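# Structural features, examined
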Amino acid sequence: MKARTLRQREKLVFERSKPGAVGYQLPKLDVPLPDLQATLPPTGVREEVAGLPELSEVDVVRHFHRLSQWNYSVDEGLYPLGSCTMKYNPRINEELARLPGFAQVHPLQPEEQVQGALQLMWELEQALLAITGMARVTLQPAAGAHGELTGMLMIRKALQERGEARRTVLIPDSAHGTNPASAVFAGFTVKELASTSAGTLDLAALERELASGDVAALMITVPNTLGVFEPEIRRAADLLHEKGAFLYMDGANLNAFVGIASPGKMGADALHINLHKTFSTPHGGGGPGAGPVAVSSRLEPYLPVPVVEKRDGKFFLDENRPSSIGRVRSFYGNFGMLVRAMAYILSLGRDGLRAMAEAAVLNANYLRKALSPYYHLAYESPTLHEVVFDDAWQKSAGVNNMDIAKRLLDYGFHAPTVSFPLVVHGALMVEPTDSESLEELEAFVQAMAAIAQEAKENPELLKTAPHTTPVRRLDEVRAARRLVLRYEPQSSGE
Amino acid sequence: MHRYQPGTGDRQRILEFLGLGSVEELFTPIPQELRIGELPLPSAMAEEEVRRILGEMAKRNVTAEEMPSFLGAGVYRHVVPAVMDAVLSRAEFFTAYTPYQPEVSQGTLQAIFEFQTYVCLLTEMPIANASLYDGATATVEAVLMAARLRPDKRRVLVSRALHPHSLATLRTYAAAAGLELLELPWGEDGRTQLDGVRPDEAVALVVQSPNVFGVVEDLPGVKAAAGEALAVQVVSEATSLGLLAPGGRFGFDVVCGDMQAFGLPASFGGPHVGFFATRKEYLRQMPGRLVGETVDADGQRAYVLTLSTREQHIRRAKATSNICTNHSLMALAVTVVLSLLGKRGVRELALASHAKAEYLKGLLRELGDKLPLAFPQSSTYNEFLLLHPEPERLLATLAQEGILAGVATPRLASYLPAGILVAVTEKNTREECDRLAAALRRVL
Amino acid sequence: MARPENLKYSKTHEWVLLEGDVATVGITDYAQEQLGDVVMVEIAKVGSQVTAGQEMGTVESVKAVSEVFAPVSGEVVERNSELEAHPELVNQDPFGAGWLAKVKVSHVPADLMDAAAYEKFVQEEGGH
């Protein structure tokens, strides 16, 4: 991954600009040019956009090709980011999302012209219902966090219609940061619940909090961010429901139990599903994803509009839902990602989906046992598809989890998630996923073992890692203290 | 053994290593009462079967490429350079994740730094983020930021000439945020009515330009009317920035919207890409990821996610947004397209879109009262509204003639004047415009 | 770790130097070490009223944001303007040049600790 030659140290596209270079040619204008002074408002017209570069097509291709060489990706090897589920992105999904019949359909074409698109959304909803055991699904949210917000808005509406002004949402301290952020954006206040020493939900604490009558919901991830299944989840759901509260389930870790258990049986009222995690749609360097939300019948009336319905063999978009929370975005969802997820579900089928969860859990437990001699396991509880270690054994040499992560880059692997969940100091959260072979996992273990040894014998090597990546460790403090957030002709130095 | 699960053949070895008899033993933490039987889904399919099933679904759609198309209303049909998808298909870009380990993510980070720069240049604003989901949620983030900056105020002044989906989304979020929306009507000229606007109690004044009718708003007027409230310009047709002066030039506090028009396929409404640009003084309240420049241990220039303390994974309940995954790959796509178009291409494309729209407008004026322009005296960029009492029927008739003539406003919102919104771009040939005019003459 | 003898300390790791009715306030060496390299400091404006035990600002590093709780009650009369350009002073000299604000004191809480008590408190928290 190291830049092979100095020529591949690629400048910014703006620095490669050459006056007169042309990157794209439009067909010749076949209509008269209007008098802009007459057709547009006087203050409204601008000249050429200052600062836009001029490059030839060849330069653009080379620019992005060179940039791409600096990225590690799933296609290269193991990418064990805990709670991100970095699995293989099947190529057939990419081909099918690009079919003109999907890619070139405008969302506002008449419904009779887009029956295929509506059918895909309907079928995907049915498949997700089969998998989750819930009552209905909205495909609108663009990401998990967006789904969380949508789910919490539905809970808020349900409480409003009941005439109840409950303000509190309970969230375990091991939760992903999007959970409290989403709850606050939905108009709630957050109360953090301390986890038990086993890393799980404290049921007694939940019961105590519920006594106030002000709890709207519990937001919980199952299995949790430590990879531990919440043994009392059904009991928690019952307690919440008895007190008129709701259970929101963060579905980020669904990969651990698809085909084996169902959130419906756990008593979830709303659950978001990360298609870019469990269902293989690509992460794209940070997105786009998709975060459909499955709900129980309790929350069905509040689904965002429109909802895809089927009547007499035809599909249509139903906007007529009086209790809906309204829209949460433009149009209907990240359709391109929905196509990919549908293709994945069809490719795996009922047996393949179950095998997926089994493989995810097997692989993670393999790593758990294989790495245990070298790294301190944060919790003794059994774990499913991910496991959290910490840097306790390396700390005495002055080496922390970040150093371990950076050194791993030299070994040709992406690092696990570091410093999350917050309940574990110096965390290394490892999630191999179902799309890894034993061979790849063994190589990872070897690398981690070697690094543990280096931590004892040569800690400096880790503290100054990485050494062989395209760039060395970055000065993140400088980035925050001397903010340069865009190219300016004078300011960006080489 | 499934082709996506390479480890299936190693199961036995792993079980032996773990000292277990079966995989089921790993699932003992999950109580029996939560277990399900076989999923009610078909069994695994070969690639060819999946291709056939989804291919048939795709064929059940009529695409905007099969016949002349004049659809806009938030999704615009512009050129998609071949290089765009070639770059997007590079596994190093699309199978990578968020650049949390910047040393092995410089490709993504530099591309997004370039995206941020492009957004700043197009909007004439000093800072921009690494993308949001879409224009509607970008509008919401702008309003929520304004509310954080002016916590003693509750009101939002918003134009009713916003894209109805953006307005509807804003209504949904505003309720939860305890904000009161005051919707400003449009005047006879199709522009937002600014007379009598009282900004003193408002956190923001939000207009879209060009607006839902394709009409260019009076941006200096909006800025003046905003007073102390944050002036927000929403852009739905991003290529308009190639020809029209942006809010940044007039002192707007936020310019946000969707960059879809710069080469992103329609894809039945998503994924597209939200953008957000603002002033330096609001930096710490800005939502979304930010890529900043720095150096590495060898002094080499490099890029990294910065100011993460605003974001949910650190700030949690006090974050400036709950956004985590954004639309990074689509931002990369737009960066590629803008790099290809360059200074000259961005202008040429915008000019062509405007010129063709004006040409078509001219032809349609001859239809007179049968299909009048809603706002004949107003400036539009490349989209305009033609009034008609039964727009859906009219469009169906034209579809039979082999033309996708526009969007019926009842499809968008019942409060819009009934008619068809027609958008024209550089992709529409003169011949297509002539054909549409001729067809309308015939059917009306 | 440094723990100047003439200062008083709060349980939330702020220090106070009382001189007449003006208190200089900052965060301790332990606090800055936990936080990491400081990139930004935000303190309540001059003229604001602050209350002992309540938030009067934040100190931000690359990876965390820490609230600064007022160790005394009163009115902010000065903020350390050097910190805008040089937030690293909080790391380099937390008890000296890295001071955060000066407060005209209206109330000093009884439970502020002296240096020895603070040292014991930090040790119990797991520091050194």
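Fair warning: this is a prediction, and the values are worked out from it, not measured in the lab. (Residues numbered from 1 in each chain as written. Chains lettered and ligands numbered in written order. Predicted model: local features only at pLDDT ≥ 70, side-chain atom pairs only at ≥ 80, totals over all residues.)

Let's shift gears to the overall build of chain C. A count of helices and strands for chain C gives four helices and nine strands. In terms of overall size, chain C behaves like a compact globule, its C-alpha atoms giving a radius of gyration of 13 Å where 128 residues would be expected to give roughly 14 Å. Its C-alpha atoms give chain C principal-axis dimensions of roughly 35 × 35 × 20 Å. The 128 residues of chain C split such that 42% are buried. Sequence-distant contacts in chain C: of pairs separated by 6 or more residues, those separated by 24 or more amount to 63%. (Helix = DSSP H or I, 4+ residues; strand = E, 2+ residues; numbered from the N terminus. Rg over C-alpha atoms; globule rule 2.2 N^0.38 Å. Buried ≥ 20, exposed ≤ 12 C-beta atoms within 10 Å, placed from the backbone. Contact = placed C-beta atoms within 7 Å.)

Looking only at helices and strands, one finds 13 helices and 12 strands in chain B. For chain B, the C-alpha atoms occupy an extent of roughly 85 × 55 × 50 Å along the three principal directions. Buried positions account for 64% of the 444 residues belonging to chain B. Within chain B, contacts between residues at least 6 apart in sequence are counted, and of these 72% link residues at least 24 apart.

Looking at chain C, pLDDT values average 91 and 95% of them are 70 or higher. With a pTM of 0.95, the predicted complex shows an ipTM of 0.97. (pLDDT = per-residue confidence, 0-100.)

Right, let's get into the packing of helix α11 (residues 335-371) of chain A against helix α2 (residues 47-59) of chain B. Relative to each other, α11 of chain A and α2 of chain B sit at 140°, their axes nearing to 10 Å. Classed by the angle they form, the pair α11 of chain A and α2 of chain B counts as oblique. The element α11 of chain A and its partner α2 of chain B pack so that their crossing is right-handed. Mapping the contact onto sequence places V339, M342, A343, L346 and S347 of chain A in α11 of chain A and V50, I53 and L54 of chain B in α2 of chain B. (Axes fitted to C-alpha atoms, helices over the stretch in contact; angles between N-to-C directions. Parallel < 35°, antiparallel > 145°, perpendicular 65-115°, else oblique. Left-handed = near helix turned anticlockwise from the far one by under 90°.)

Turning next to unusual backbone geometry. Residues and elements named next belong to chain A. In this model, G287 is joined to P288 through a cis peptide bond whose omega is 5°. Note that P288 resides in the loop between β6 (270-272) and β7 (293-295). With an omega dihedral of 5°, the bond running from A465 to P466 counts as a cis peptide bond. Checked against the element boundaries, P466 lands in the loop between α15 (459-463) and α16 (476-481). Phi at D312 takes a positive value of approximately 50°, unusual for a residue other than glycine. Assignment of secondary structure puts D312 in the loop between β8 (307-311) and β9 (314-318). A positive phi angle, near 75°, is found at T433, a position not held by glycine. Here T433 is to be found in the loop between β13 (427-430) and α14 (438-457).

This part takes up the sheet that holds strand β3 (residues 180-184) of chain B. Residue and element names in this part refer to chain B. Read from one edge to the other, the open sheet built from seven strands follows the order β1-β7-β6-β5-β4-β2-β3, with strand pairing classed as mixed. Across the chains shown, the open sheet's two edge strands, defined by having one partner strand only, are β1 (127-128) and β3. The pairing of strand β4 (residues 202-208) with strand β5 (residues 230-235) spans five bridges and is parallel. What sits directly across from L205, in β5, is A231. (Pairing = 2+ DSSP bridges.)

What follows covers the interface of chain A and chain B. Of the residues lining the interface, 179 residues belong to chain A; the matching set on chain B comes to 169 residues. Looking at the side of chain A that touches chain B element by element, the count peaks at 25 residues for α11 of chain A. Of the residues belonging to the side of chain A that touches chain B, the class tally is 101 nonpolar, 51 polar and 27 charged. (Nonpolar A, V, L, I, M, F, W, Y, C, P; charged D, E, K, R; others polar.)

Summarising the element assignment, L340 of chain B is placed in helix α10 (residues 328-365). Its 25 C-beta neighbours within 10 Å are what place L340 of chain B among the buried residues. Along the sequence, L340 of chain B and T306 of chain B sit 34 residues apart, while their C-alpha atoms lie 28 Å from each other. Ignoring sequence-local partners within four residues, the contact set of L340 of chain B consists of G23, Y24, E57 and V60 of chain A together with P81, V83 and G345 of chain B.

Turning to the pairing of strand β4 (residues 215-221) of chain A, a few remarks are in order. Residues and elements named next belong to chain A. For β4, a buried count of seven out of seven residues is recorded, marking the element as mostly surrounded by other parts of the structure. Two strands pair when backbone bridges link them, and strand β2 (residues 168-172) and β4 are joined in this way by three bridges, in the parallel orientation. Residue V169 lies in a different strand from β4, and its bridge partner there is A217. Inspection of the sheet shows β4 paired to strand β5 (residues 246-250) by five bridges, in the parallel sense. Residue pairing across strands places A217 opposite F246, the latter belonging to β5.

To continue, consider helix α13 (residues 401-410) of chain A. All names here are of chain A. With respect to burial, α13 is a largely interior element, 10 of its 10 residues being buried. If you follow the buried residues of α13, they end up packed against β11 (387-390), α12 (392-395), β12 (417-418), β13, α14 and α15. Phi turns positive one or two residues past the end of α13, at G412, with a value near 85°.

Let us now look at the domain arrangement of chain B. Interfaces are often sized by the amount of accessible area the parts lose when they come together. Residue and element names in this part refer to chain B. Domain boundaries assigned for chain B yield domain 1 (82-335) and domain 2 (342-443). Taking only C-alpha atoms into account, the centre of domain 1 sits 28 Å from that of domain 2. Facing 15 residues of domain 1, the contacting portion of domain 2 comprises 20 residues. Split into classes, the residues belonging to the side of domain 1 that touches domain 2 amount to seven nonpolar, five polar and three charged. (Domains from an automatic or database assignment.)

So, on to the pairing of β5 of chain B. Residue and element names in this part refer to chain B. For β5, a buried count of six out of six residues is recorded, marking the element as mostly surrounded by other parts of the structure. Side-chain alternation along β5 places L230, V232 and V234 on one buried face and A231, Q233 and V235 on a second face that is also buried. A crossover connection joins β4 to the parallel β5 through helix α8 (residues 219-226); in handedness this β-α-β unit is right-handed. (Right-handed = clockwise from strand over helix to strand, strands pointing away.)

Residue and element names in this part refer to chain A. Its 19 residues give helix α6 (residues 144-162) an end-to-end C-alpha distance of 27 Å, which sits within 8% of 27 Å, the value for a rise of 1.5 Å per residue. Within α6, 15 of the 19 residues are buried, which leaves the element mostly enclosed by the surrounding structure. One or two residues past the end of α6 sits G163, with phi positive at roughly 80°. (Expected span 1.5 Å × (residues − 1).)

By the C-beta count within 10 Å, which is 28 here, T433 of chain A ends up buried. Along the backbone, T433 of chain A and E309 of chain A are 124 residues apart, and their C-alpha atoms lie at a distance of 34 Å.

A few words now on the environment of G368 of chain B. Looking at the element boundaries, G368 of chain B is found in the loop between α10 and β10 (383-387). It is 42 Å that separates the C-alpha atoms of G368 of chain B and S339 of chain B, two residues lying 29 residues apart in sequence.

What follows concerns the sheet that holds strand β11 (residues 407-408) of chain B. All names here are of chain B. Here three strands make up an open sheet; going across it, the order is β10-β12-β11 and the pairing antiparallel. The sheet terminates laterally at β10 and β11, the two strands that pair on one side only. On the sheet, helix α11 (residues 391-400) packs against β11 and β12 (419-423) and is oriented at approximately 50° with respect to β12.

The angle between the axes and the distance between the axes are what describe a pair of packed helices. At a minimum axis separation of 9 Å, helix α2 (residues 57-68) of chain A and α10 of chain B run at an interaxial angle of 150°. Relative to α10 of chain B, α2 of chain A is oriented roughly antiparallel. As for how α2 of chain A packs across α10 of chain B, the hand of that crossing is right-handed. Residues E57, V60 and F64 of chain A of α2 of chain A form the contact with α10 of chain B, whose participating residues are V336, S339 and L340 of chain B. Classifying every residue of the contact of α2 of chain A with α10 of chain B gives four nonpolar, one polar and one charged.

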